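Overview (structure and organization)
Here is how the chains run, residue by residue.
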Amino acid sequence: MSKKQFGNIGNLSSKNLKIKPIDIQVTPSNRISNAQLKKLDPKGIASIPALRVNRNDLINLKPNESWEITPQKMKDKDMFVAEYFGWYRSDQTTIDVHPENKYYPRFHSGRPGFLPEMRFLVLRFRPEMGKRYRVTVQLKPGAYRNKKVMTNVTGRFNDAWYINYQFNELMFDFLATTNEIKISPIIAGYEEYYVKYQPLEIEKINVDKVEN
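Attention in this report is confined to the structure presented alongside it. (Residues numbered from 1 in each chain as written. Predicted model: local features only at pLDDT ≥ 70, side-chain atom pairs only at ≥ 80, totals over all residues. Heavy atoms only, no water.)

Moving on to the pattern of salt bridges. Counted by the stated rule, this structure contains twelve salt bridges. Here aspartate 91 and arginine 89 are joined by a salt bridge, their closest N and O atoms 4.0 Å apart. Aspartate 91 gets classed as partly exposed once you look at its relative accessible area, which sits at 44%. With its nearest N and O atoms 3.8 Å apart, the salt bridge here joins lysine 182 to glutamate 180. (Salt bridge = Lys/Arg side-chain N within 4 Å of Asp/Glu carboxyl O. Buried < 20%, exposed > 50% of the residue type's maximum accessible area, 1.4 Å probe, protein only.)

As structure tokens, then:
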């Protein structure tokens, strides 16, 4: 069994497409810009509202083209796992997306400490701009009630979604405006300044281009 150290995994050489983002029809309350996200402390991040999708509506969308990513298949056609912060093993059964704990010498009341910082799993591919895509992230069975995940599919805005705890999955859709799909670890709540991030244990990711 081979094992790589904890850190960024994947091919980071591909360049981002410089496409101007377009608006996606999502309730604004669960959306936050990159600039706003950087200014929030962990308590603020944990308090961002999340949405639940209509699973039946998304499932019934007809796929025109599909991609599948698994722990043993990090690339499918033009889609590949470009980056994630976590362990990689040749025999792994899940892709585990972790936060990064950063050390601050004067963290809380002048005392040193560690603060978890959100790190995204990044998928890169060549989508057809303006077309609709559905993402289904199948998770390792667990306790996901009232837990949420943040995604970024525009390059500018981050959206928060509740995990469907009945099906152990995260599902969302978007209109393509960049060549990246970003998925965060689990945001499970907070105590004081410490976000209770949890690793997002992914068994499979399916991406489908669907009819608008």
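Our focus in this paragraph is the nonpolar core. Counting residues in each nonpolar core, the largest one holds 31 residues, and the members touching the most others are Ile181, Leu200, Ile202 and Ile205. Among the nonpolar cores identified, the runner-up in size contains 16 residues, and Ala50, Phe120, Met150 and Val195 belong to it. (Core = buried A, V, L, I, M, F, W, Y, C linked by side-chain atoms within 4.5 Å.)

For serine 184, the location among the structural elements is in strand E15 (residues 180-191). The class of serine 184 is buried, set by a relative accessible area of 0%. (Helix = DSSP H or I, 4+ residues; strand = E, 2+ residues; numbered from the N terminus.)

Moving on, we come to the packing of aromatic side chains. In this structure the tally under the stated criterion is seven aromatic pairs. For the ring pair tryptophan 67 and phenylalanine 125, a centre distance of 5.4 Å and an interplane angle of 75 degrees mean the geometry is edge-to-face. Taken as a pair, tryptophan 67 in strand E3 (residues 63-69) and phenylalanine 125 in the loop between strand E10 (121-124) and strand E11 (132-139) lie far apart in primary sequence, 58 residues in all. We classify tryptophan 67 as buried; its relative accessible area is 2%. A centroid spacing of 5.6 Å and a plane angle of 85 degrees characterise the contact between phenylalanine 125 and tyrosine 133, whose relative ring orientation is edge-to-face. For the pair phenylalanine 125 and tyrosine 133, a shared accessibility class is recorded, and that class is buried. Chaining the aromatic ring pairs together yields one cluster made of Trp67, Phe125, Tyr133, Trp161, Phe172 and Phe174. Lying over the aromatic face of tyrosine 162, arginine 52 brings its terminal NZ or CZ to 4.1 Å of the ring centre. (Phe/Tyr/Trp six-rings, centres within 6.5 Å; stacked < 30°, edge-to-face > 60°. Lys NZ or Arg CZ within 6 Å of the ring centre and 35° of its normal.)

Don't take any of this as a statement about function, it's just geometry.
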